[in-house]
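Below are the chains, spelled out letter by letter.
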Amino acid sequence: MRDFQAIATVEALRSGVTSRHLAAIFSYGREALLERVERDLEEVSREGRPRALLLRGHFGEGKTHFLNLILNRAREKNFAVSFVVLSKETPFNRLDRVYPKVVAGTYLPGTEDPGIEVLLRDLRPGHPLTEDLLAAVREELHPKLFYVLKNYLATGDTYYQHLLYSDLAGEWIPLAQLKSLHRLNFGRPLKIPPFRPQADAWDYFRFLAQLIKKRGFAGWVILFDEFELVGTLGIAARSESYFNLARFLFPQEGKELPHTFAVFSIAQQLWDFRLLPQERHRPDKEEVTARFRTKGEPEKAERARQAIDALLRDVVDLNPLSSSEVQRMLSKVAEFHAQAYGWRPEVNLEELLQKLLNNPKAQRLRTKIRYTVEYLDLKYLYREEPEVEAGELEEGALKEAAVAGEEA
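The paragraphs below set out a description of the structure included in this document. (Residues numbered from 1 in each chain as written. Predicted model: local features only at pLDDT ≥ 70, side-chain atom pairs only at ≥ 80, totals over all residues. Heavy atoms only, no water.)

**Quick look at the side chain of Ser239**
Point 1. Tracing the backbone shows Ser239 in helix α12 (residues 235-249).
Point 2. Once residues within four sequence positions are removed from consideration, Ser239 is found in contact with Val288, Arg291, Phe292 and Ala304. (Helix = DSSP H or I, 4+ residues; strand = E, 2+ residues; numbered from the N terminus. Contact = heavy atoms within 4.5 Å.)

**Here's the deal with the nonpolar core**
Soluble globular proteins tend to pack their nonpolar side chains together in the buried interior.
Point 1. By size, the foremost hydrophobic cluster in this structure holds 74 residues, and its most contacted members are Phe92, Phe205, Phe207, Phe224, Phe248 and Phe264.
Point 2. By residue number, the principal contributor to this core is helix α11 (residues 197-214), which donates nine residues.
Point 3. Filtering out sequence-adjacent residues up to four positions away, Phe248 remains in contact with Ala52, Phe92, Trp202, Phe205, Ile222, Phe224, Leu257, Ala262 and Phe264. (Core = buried A, V, L, I, M, F, W, Y, C linked by side-chain atoms within 4.5 Å. Buried < 20%, exposed > 50% of the residue type's maximum accessible area, 1.4 Å probe, protein only.)

**Focus: the packing of aromatic side chains**
Point 1. Scanning all chains against the criterion turns up 22 aromatic pairs.
Point 2. With a centroid separation of 5.7 Å and 55 degrees between ring planes, the pair formed by Tyr159 and Tyr160 is classed as tilted.
Point 3. Of the aromatic side chains, those joined through ring pairs into one cluster are Phe92, Tyr99, Trp172, Phe195, Trp202, Tyr204, Phe205, Phe224, Phe227, Phe248 and Phe264.
Point 4. Over the face of the ring belonging to Phe243 we find Lys300, whose NZ or CZ atom lies 4.9 Å from the ring centre. (Phe/Tyr/Trp six-rings, centres within 6.5 Å; stacked < 30°, edge-to-face > 60°. Lys NZ or Arg CZ within 6 Å of the ring centre and 35° of its normal.)

**With respect to the packing of helix α7 (residues 128-140) against helix α8 (residues 143-154)**
Helix packing for two helices is described by the angle between their axes and how far apart those axes are.
Point 1. Interhelical geometry of α7 versus α8 gives an angle of 155 degrees and a closest axis separation of 8 Å. Considered as vectors, α7 and α8 are oriented roughly antiparallel to each other. Considering how the two elements wind past one another, α7 and α8 form a crossing that is left-handed. Mapping the contact onto sequence places Thr130, Leu133, Leu134, Val137 and Arg138 in α7 and Leu145, Phe146, Tyr147, Leu149, Lys150 and Leu153 in α8. (Axes fitted to C-alpha atoms, helices over the stretch in contact; angles between N-to-C directions. Parallel < 35°, antiparallel > 145°, perpendicular 65-115°, else oblique. Left-handed = near helix turned anticlockwise from the far one by under 90°.)

**Quick look at helix α15 (residues 298-313)**
Quick reminder: α-helices carry 3.6 residues per turn. Residues three or four places apart thus point the same way.
Point 1. If you check α15, its first and last C-alpha atoms are 22 Å apart, about what 16 residues at 1.5 Å a residue would give, namely 22 Å.
Point 2. Those residues of α15 that are buried lie in contact with β1 (51-57), α12, β5 (260-267), α13 (269-275) and α14 (284-294). (Expected span 1.5 Å × (residues − 1).)

**Quick word on empty space enclosed by the protein**
Point 1. Enumeration according to the criterion identifies one cavity of 30 Å³ or more in this entry.
Point 2. Approximately 50 Å³ is the volume attributed to the largest cavity.
Point 3. What lines the largest cavity is simply Pro50, Arg51, Arg247, Phe248, Pro251, Leu257, Thr260 and Ala262.
Point 4. Looking at the lining of the largest cavity, the elements with two or more residues in it are α12 and β5. (1 Å grid on protein atoms, 1.4 Å probe; cavity = no way out; pocket = protein on both sides within 12 Å on 5 of 7 lines; lining within 4 Å. Points joined across faces, edges and corners; volume = space filled by probe spheres on them.)

**Looking at the sheet that holds strand β6 (residues 316-317)**
Point 1. An order of β3-β2-β4-β5-β1-β6 is seen for the six strands of this open sheet, with the pairing classed as mixed. Where the open sheet ends on each side, the last strands, each with one partner, are β3 (106-107) and β6.
Point 2. Lying on the sheet, α11 is in contact with β2 (79-85), β4 (219-225) and β5; it crosses β4 at an angle near 135 degrees. (Pairing = 2+ DSSP bridges.)

**Observations concerning the layout of surface pockets**
Point 1. Volume-wise, the second largest pocket comes out at about 320 Å³.
Point 2. For the lining of the second largest pocket, the secondary-structure elements that each account for two or more residues are α11, α12 and α15.
Point 3. Counting residues per element, the lining of the second largest pocket draws most heavily on α11, at five residues.

**Points about unusual backbone geometry**
Point 1. Positive phi values are uncommon outside glycine, yet Glu226 reaches one of about 65 degrees.
Point 2. Along the chain, Glu226 turns up in the loop between β4 and α12.
Point 3. Looking at Glu226, the relative accessible area reads 31%, which means it is partly exposed.
Point 4. We note that His259 has phi near 55 degrees; this positive angle belongs to a residue other than glycine.

**Describing the pairing of β2**
In regular strands, side chains alternate between the two faces of the sheet.
Point 1. For β2, a buried count of six out of seven residues is recorded, marking the element as mostly surrounded by other parts of the structure.
Point 2. Two strands pair when backbone bridges link them, and β2 and β4 are joined in this way by seven bridges, in the parallel orientation. Bridge pairing in β4 links Ser82 to Ile222.
Point 3. Sheet topology note: the β2/β3 ladder contains two bridges and is antiparallel. Paired with Val81 across the bridge in β3 is Tyr107.

These figures capture arrangement, not role.
Following this line, the structure appears as structure tokens:
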């Protein structure tokens, strides 16, 4: 009988796309770094002071896989976890676009489906927890958030409640509509200052951090993957991205995200092409700070400089696994392949690993794993020693994208 769970695992390995499931199975060689993360999580939960981790590695060496390791471990420790992949549609210079993706990628302990609606579903007017949350929102955040939450709690109409929840999830309700709902619910007009999504979206992050903690969780972990794509943005967007990064790394008093741990996964190419001196252009530390000062924004220049200094100074490298750790992983791959297809592969893993280590086109961990899966596939089909070629396609992807963006 075929083991379909094992087949699904092999198919995921073949695709090169990691997941929470794979992270639970393959967790070799990152123990020391994971212990550091666990200490940070304990401190965040105990003291409430936000922390952040800048994680650097080459393409295909397990950065996303390590984020999934953190996700699994954090949920075990009663943290809400948000997983966000940055992209051109989710650029880090636009937190109003990032926030909806954060909400959509939020996983609560004990649940499998993402989202935050469960955090709001049983809030009731007059309950001490609800009143405490309303008071904190009213005192610390943009007034719009207070009135969205107040009307969400007051309305008995499921359609209106869905609209208001959607705003809390990042689909901003127009102020005119909010005022109309407020008059409907409370019988009086509402005066509220303008809401500017790009400028005020940070308050929604702060709201969610408070909501998560007040609902009894240890804290909030936010995992940002592919931060290197900041390097493909134009100078204006890159500048704002570094300024936004400073919000997480160096929170200003009264504007921090309490009980929050943020992790940024970043490919080495960001340093190679944007942060270190290049013949073609100045490094971002000079270019970005000069741009902000020219615009008359010295505070933003200083905050962006702090963020870039942290990228140059405080980054933690995700080093390649040792050969023994890779061999353990390949052995596990072979076990799952055998389980999936009901056979007993006769494979000399030491010899296979040595062949991979000697192949300059198979240096990345992802390539080694996919090579092994294809090798096992062919051996299973033909029952003879196969010849498999390795190749890597991602090299220079960030540089090519950035150059294309500049030319456009």
